[in-house]
Amino acid sequence: MKLNIVMKKALRLVLLLLGVSAAAFFLVSISPIDPLQTNIGQAALGSMTEEQIETLRQYWGVDVPAGERFLYWLSDAVRGDFGTSLLYRRPVMEVIGEKAGYSLGLMTFAWIISGVVGFLLGVISGACKERLPDRFITGGALFLSGTPAFWIALVFLTVFAVELGWFPVGLAVPMGVPADQVTLWDKLYHACLPALTLSVTGISNIALHTREKMVQVMESDYVLFARARGEDPRSVVLRHGLRNVILPAMTLQLGSISEILGGSVLVEQVFSYPGLGQAAVTAGLGGDVPLLLGITILSAILVFAGNLAADLLYSVVDPRMKKGGEPR
Amino acid sequence: MSEQNLNTLLKIRDLSIDFLQYERGLRRRITHPVSHLNLDVEAGQMVAIVGASGSGKSLLAHAVLGILPYNAVMTGTMEFDGQELTKKRIETLRGTEICLVPQGVSWLDPLMKVGSQVKDRSALACYGLGPEVDQMYPFELSGGMARRVLLATATSRTPRLVIADEPTPGLPLDRARRALSHLRDMAEDGAGVLLITHDVELALEVSDRIAVMHEGTVVENALAGDFPYPQRLNHPYAKALSRALPQNEFFGGGAI
Amino acid sequence: MRELWKNRRGRTILGIFVTAVLLAMICLAGWMWSDEALLTDLSQKNLAPCWAHPFGTDFMGRDMFIRTVTGLSMSIRLGVLTAFASAVLAALLGIGAAVLGKTADSVITWAIDLIMGIPHILLLILISYAFGKGFLGVAVGITLTHWTSLARILRGEVLQLSESRYVKMARKLGHGAGYISRVHMIPHILPQFFTGLILMFPHAVMHEASITFLGFGLSPEQPAIGIILSESMKYLSMGYWWLSLLPGAFLVAVVLLFHWLGHSVSALLDPDSAHV
């Protein structure tokens with residue numbers, strides 16, 4: 001890859017992050033929500049002295065103008081300091097690091113499983129267009145795509161955790177067990193159902209897109225010609241179908257990190273899973289602006305990385321791009 | 001049509017192809033791109049199907065190869081080598097005894113190397129393509145190279161029936177002639193060749209017979225030697241085609 | 001009528017009609033029941049589904065069927081409103097990007113990238129926080145997050161049209177911009193716009209439910225579907241499955257109906273996409 005393309009991408013990322021942080025900062029600064037009232041409560045505020053309230057106002061940064069606050073925040077942020085989480089009373093990066101440990105595993109698992117399963121279902125569906133397997137898969141995928149992630153999570157929780165008792169009802173670790181006694185098995189066991197739920201919510205998108213692409217491929221001239229050359233349907237699907245749909249599918253899956261992130265917010269909320277998503281909700285509800293900004297920036301970087309990887313994938317894998325030809 | 005020829009390879013009787021389509025609003029429409037078509041191809045002969053684009057020529061080829069779209073309904077009978085050409089039989093014959101030379105480079109898998117798409121790689125050399133072509137992707141082929149690669153896909157074994165669907169458009173005249181001479185060679189070797197083209201002049205140069213297709217059916221079936229003489233033809237559309245040939249225009253025959 | 005039924009297009013049109021009436025009825029019923037939805041009867045609390053209460057009752061003895069319909073009615077109205085606003089925004093910005101010159105184009109394209117670069121839910125949280133949560137926050141949030149893909153489509157369409165041969169020809173013939181857009185542009189853009197609009201409904205309804213579920217949307221006193229499901233979480237472990245299962249299933253049904261409606265309308269407007 002040429003240097004100036006790298007520079008261009010880097011510049012785009014910087015601009016994007018600037019835009020994201022400015023927009024996010026603007027949004028939280030126009031909010032009428034008073035963080036003091038939300039987190040300390042009217043009654044508690046009433047019983048405090050003027051000085052106590054003043055200290056709190058300073059802590060929550062209520063009186064500093066938004067523009068000024070943004071510049072302070074930005075100049076710290078470029079040095080890697082995203083401030084202190086007001087609710088957790090710890091540096092934002094530390095909180096995010098801890099929460100990301102839980103979330104990234106969950107999301108990676110769901111990303112891979114939903115990608116692989118969705119892709120295979122899409123290929124089968126597209127290869128059997130308008131036949132029984134296709135109707136089942138397309139129907140199921142359409143049903144899933146119309147189902148909010150949190151409701152799937154609720155149903156799974158009811159069925160598998162409450163009624164059948166196969167999985168714990170929530171949280172990332174057993175309740176009441178000291179942190180140093182939690183085993184890896186405990187963590188995995190608690191992550192199972194959330195990860196499964198998140199995988200299921202991600203399947204429909206990739207399955208439906210792969211099906212469309214597969215149908216296109218199966219109706220293409222080159223598949224027609226492969227059949228005319230005597231290749232049987234199995235060989236057509238395996239030799240030509242897979243080859244031509246895997247790139248678009250991978251691109252799509254890399255571009256859908258945003259959806260997985262969004263889904264994890266809802267799923268974590270249902271399972272009381274202490275990941276990034278739940279932290280974002282807590283931060284939003286409690287007016288913890290630094291934490292909310294930090295999570296927003298991190299997810300913007302992840303989404304950008306996904307899109308960048310998709311671009312790179314094409315230029316590395318697709319022979320038409322690799323050899324300087326025109327992409328389709 | 002003359003009486004039944006003993007070495008008739010492909011015999012098509014009363015072939016019709018219907019399509020079911022929906023138009024804007026509520027209308028459902030059935031189109032008949034091919035209707036009541038009869039055609040014979042003999043072994044060792046080259047038969048050219050000529051006609052305007054959209055006259056159903058390609059569909060005829062797809063019907064013989066069993067690769068019609070799913071919303072097509074086919075009626076009529078086809079025989080290959082004296083036996084009925086059923087769906088099952090087509091599946092065993094295509095690629096070995098019945099071969100297609102397709103229209104263009106879009107008929108090659110864009111993500112598969114050329115070598116893997118030609119059954120017998122030595123066939124590439126027969127058409128003067130170097131070993132480097134084997135490792136190329138279809139998008140890297142020039143127009144002429146692509147044409148030869150497509151021919152090579154058909155000739156990798158010795159087919160008994162070759163169907164060439166518009167193998168010449170976009171080629172300069174000498175290249176087109178060379179491509180057709182390859183097909184002619186296959187006929188000389190004993191194969192039946194069905195050439196689908198809209199270029200009547202070129203077809204006349206190499207074919208034994210000319211079948212004129214008009215509005216989905218074969219309206220004229222003439223020896224190549226008879227075709228330049230409008231008075232020897234029956235159907236008005238075939239006569240018009242004949243009159244439009246350059247030699248007839250030169251002799252004043254083009255005036256209708 | 002029988003002729004209509006035999007023909008798939010006829011069935012589609014009938015289906016569109018029935019679906020639209022059904023959705024309108026839910027909407028209307030919820031509107032009329034908005035007081036009943038808050039009616040409590042502590043002698044009837046936590047009842048499993050039965051004839052008198054098909055969806056059961058909750059911890060305050062409120063009828064869950066009435067609450068669900070009311071909540072869905074709210075979601076549908078909010079969804080339709082925000083989808084409309086979002087589609088209009090998409091049309092303005094998408095067409096604006098295509099015709100207002102290079103600067104406007106790059107600003108709008110960048111804004112689209114920006115919005116698509118943040119997960120929807122997170123952006124919804126931010127926007128709803130900015131507007132002090134509640135109805136306004138959700139409405140503005142959904143409006144501002146859903147316009148991007150339709151805007152992209154419309155922008156591309158207008159760009160492609162203005163490069164097309166017949167538009168260029170019309171320009172050469174001296175037709176004004178008004179004539180060209182009326183005769184050559186709008187007939188092509190309008191179907192795209194309507195399809196995009198209707199396909200936006202299910203997403204808007206779903207996101208409204210999601211953001212309310214998280215606690216950012218409508219206030220807890222309102223019988224919104226997200227609130228109902230959020231409340232149901234507290235009673236899951238007690239085995240009151242009907243509190244989450246039935247209202248959620250109803251929500252899914254409404255989303256799917258909207259989805260089907262969108263696809264049917266787009267298939268009618270664009271016959272190429274629907275053979276056999």
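Bear in mind that the values here come from a model prediction, so they are computed numbers and not experimental data.

### Description of the overall build of chain C
Okay, step 1: The number of helices and strands found in chain C is eleven helices and zero strands.
Okay, step 2: Counting only residues that meet the buried cut, chain C has 51% of its 276 residues in that class.
Okay, step 3: Excluding contacts between residues fewer than 6 apart, the proportion of contacts in chain C whose partners are at least 24 apart in sequence is 68%.
Okay, step 4: When the accessible surface of chain C is summed, it comes to about 12700 Å², and 69% of that surface belongs to carbon and sulfur atoms.

### Quick word on the packing of aromatic side chains
Okay, step 1: Across all of its chains, the model carries six aromatic pairs over all chains by this definition.
Okay, step 2: Taking the centre distance of 4.3 Å and the plane angle of 15° together, the rings of A:Phe150 and C:Phe213 count as stacked. Here A:Phe150, found in helix H8 (residues 149-163), pairs with C:Phe213, found in helix H9 (residues 177-214), and the two come from separate chains.
Okay, step 3: Given the relative accessible area of 4%, C:Phe213 is considered buried.
Okay, step 4: For the pair C:Phe193 and C:Phe194, a centre-to-centre distance of 5.6 Å together with 70° between the ring planes defines the contact as edge-to-face.

### Describing the pairing of strand E3 (residues 46-50) of chain B
Residues and elements named next belong to chain B.
Okay, step 1: Burial analysis of E3 places five of its five residues in the buried class, which makes it a mostly covered element.
Okay, step 2: Neither face of E3 is left uncovered, since the one carrying Met 46, Ala 48 and Val 50 and the one carrying Val 47 and Ile 49 both have all their residues buried.
Okay, step 3: Pairing of E3 with strand E8 (residues 192-197) involves five bridges; the strand directions are parallel. Directly across from Val 47, in E8, lies its bridge partner Leu 194.
Okay, step 4: By the bridge criterion, four bridges tie E3 to strand E9 (residues 209-214) in an arrangement that is parallel. Counted as the bridge partner of Ile 49 is Ala 211 from E9.

### Overview of the packing of H8(A) against helix H11 (residues 242-269) of chain C
Okay, step 1: Put simply, H8(A) and H11(C) touch, their axes get as near as 10 Å, and they point 145° apart. The interaxial crossing formed by H8(A) with H11(C) has left-handed handedness. Taken together, the residues of H11(C) that come into contact with H8(A) (itself represented by A:Phe150, A:Trp151, A:Leu154, A:Val155 and A:Thr158) are C:Ser244, C:Leu245, C:Gly248, C:Ala249, C:Leu251 and C:Val252.

### A short note on the packing of helix H6 (residues 134-146) of chain C against H9(C)
All names here are of chain C.
Okay, step 1: Where H6 meets H9, the axes come as close as 10 Å, and the angle between the chain directions of the two elements is 135°. Comparing their axes, H9 and H6 come out oblique. The interaxial crossing formed by H6 with H9 has right-handed handedness. For the pair formed by H6 and H9, the contact residues are Val 138, Ile 142 and His 146 on the first element and Met 200, His 203, Ala 204, His 207, Glu 208 and Ile 211 on the second.

### Digging into the environment of A:Leu121
All names here are of chain A.
Okay, step 1: Among the secondary structure elements, Leu 121 is positioned in helix H6 (residues 92-127).
Okay, step 2: Leu 121 sits in the partly exposed class, given a relative accessible area of 29%.
Okay, step 3: When the C-alpha positions of Leu 121 and Arg 211 are compared, they lie 7.9 Å apart, and in sequence the two are 90 residues distant.
Okay, step 4: Setting aside residues up to four positions removed in sequence, Leu 121 forms contacts with Ile 137, Ile 203 and Ala 207.

### Examining the pattern of salt bridges
For side chains bearing opposite charge, pairing can occur when the charged atoms are close.
Okay, step 1: Scanning the model with the defined rule gives 20 salt bridges over all chains in all.
Okay, step 2: Among the salt bridges present, the one from A:Arg211 reaches A:Asp134, with a minimum N-O distance of 2.7 Å. Of this pair, A:Arg211 sits in helix H9 (residues 184-218) while A:Asp134 sits in helix H7 (residues 132-145); the two residues are 77 residues apart in sequence, bridging distant segments of the chain. Accessibility classification places A:Arg211 together with A:Asp134 in one group, the buried group.
Okay, step 3: Residue B:Arg13 is joined to B:Asp40 by a salt bridge in which the shortest nitrogen-to-oxygen separation is 3.2 Å. Taken as a pair, B:Arg13 in strand E1 (residues 8-22) and B:Asp40 in strand E2 (residues 28-42) lie far apart in primary sequence, 27 residues in all.
Okay, step 4: Since its relative accessible area comes to 3%, B:Asp40 is described here as buried.
Okay, step 5: The network of salt bridges with common partners includes A:Arg12, C:Asp113 and C:Arg152.

### Focus on the interface of chain A and chain C
Okay, step 1: Between chain A and chain C, the contact holds 45 residues from the first and 41 residues from the second.
Okay, step 2: Of all residues in chain A, A:Leu27, A:Phe150 and A:Trp151 give up the largest surface area on contact with chain C, accounting jointly for 15% of the area buried on that side.
Okay, step 3: Where chain A meets chain C, there are one salt bridge.
Okay, step 4: The closest approach of N and O atoms between C:Asp113 and A:Arg12, which form a salt bridge, is 3.5 Å.
Okay, step 5: For the pair chain A and chain C, the interface holds zero residue pairs in polar contact (both at pLDDT 80 or more).
Okay, step 6: Going through the elements one at a time, helix H1 (3-29), H7, H8, helix H12 (257-270), helix H13 (276-286) and helix H14 (289-317) of chain A are the ones with two or more residues in the side of chain A that touches chain C.
Okay, step 7: For the side of chain A that touches chain C, a count of residues per class yields 30 nonpolar, 13 polar and two charged.

### Points about the environment of A:Asp288
Residue and element names in this part refer to chain A.
Okay, step 1: Looking at the element boundaries, Asp 288 is found in the loop between H13 and H14.
Okay, step 2: The exposure class of Asp 288 is buried, given its relative accessible area of 0%.
Okay, step 3: Each C-alpha atom of the pair Asp 288 and Tyr 88 lies 9.0 Å from the other, and the pair is 200 residues apart in sequence.
Okay, step 4: Contacts of Asp 288, omitting those with residues within four sequence positions, involve Ser 85, Leu 86, Leu 87, Tyr 88 and Ala 283.

### Here's the deal with the pairing of E9(B)
All names here are of chain B.
Okay, step 1: Summarising burial for E9: five of the six residues are buried, a large majority.
Okay, step 2: Of the strand pairs in this sheet, E9 and strand E10 (residues 217-223) are connected by six bridges, and their pairing is antiparallel. Residue pairing in the sheet places Arg 209 in a bridge with Leu 223 of E10.
Okay, step 3: Once E9 ends, the chain turns through two residues before running back antiparallel as E10, passing Glu 215 with a positive phi of about 50°.

About the criteria used
Residues numbered from 1 in each chain as written. Chains lettered and ligands numbered in written order. Predicted model: local features only at pLDDT ≥ 70, side-chain atom pairs only at ≥ 80, totals over all residues. Heavy atoms only, no water. Helix = DSSP H or I, 4+ residues; strand = E, 2+ residues; numbered from the N terminus. Buried < 20%, exposed > 50% of the residue type's maximum accessible area, 1.4 Å probe, protein only. Contact = heavy atoms within 4.5 Å. Areas by Shrake-Rupley, 256 points an atom, 1.4 Å probe, with all protein chains shown as cover. Phe/Tyr/Trp six-rings, centres within 6.5 Å; stacked < 30°, edge-to-face > 60°. Pairing = 2+ DSSP bridges. Axes fitted to C-alpha atoms, helices over the stretch in contact; angles between N-to-C directions. Left-handed = near helix turned anticlockwise from the far one by under 90°. Parallel < 35°, antiparallel > 145°, perpendicular 65-115°, else oblique. Salt bridge = Lys/Arg side-chain N within 4 Å of Asp/Glu carboxyl O. Buried area = accessible area lost by both parts, 1.4 Å probe. Polar contact = N/O pair within 3.5 Å; in protein donor to acceptor, adjacent residues only side chain to side chain. Nonpolar A, V, L, I, M, F, W, Y, C, P; charged D, E, K, R; others polar.

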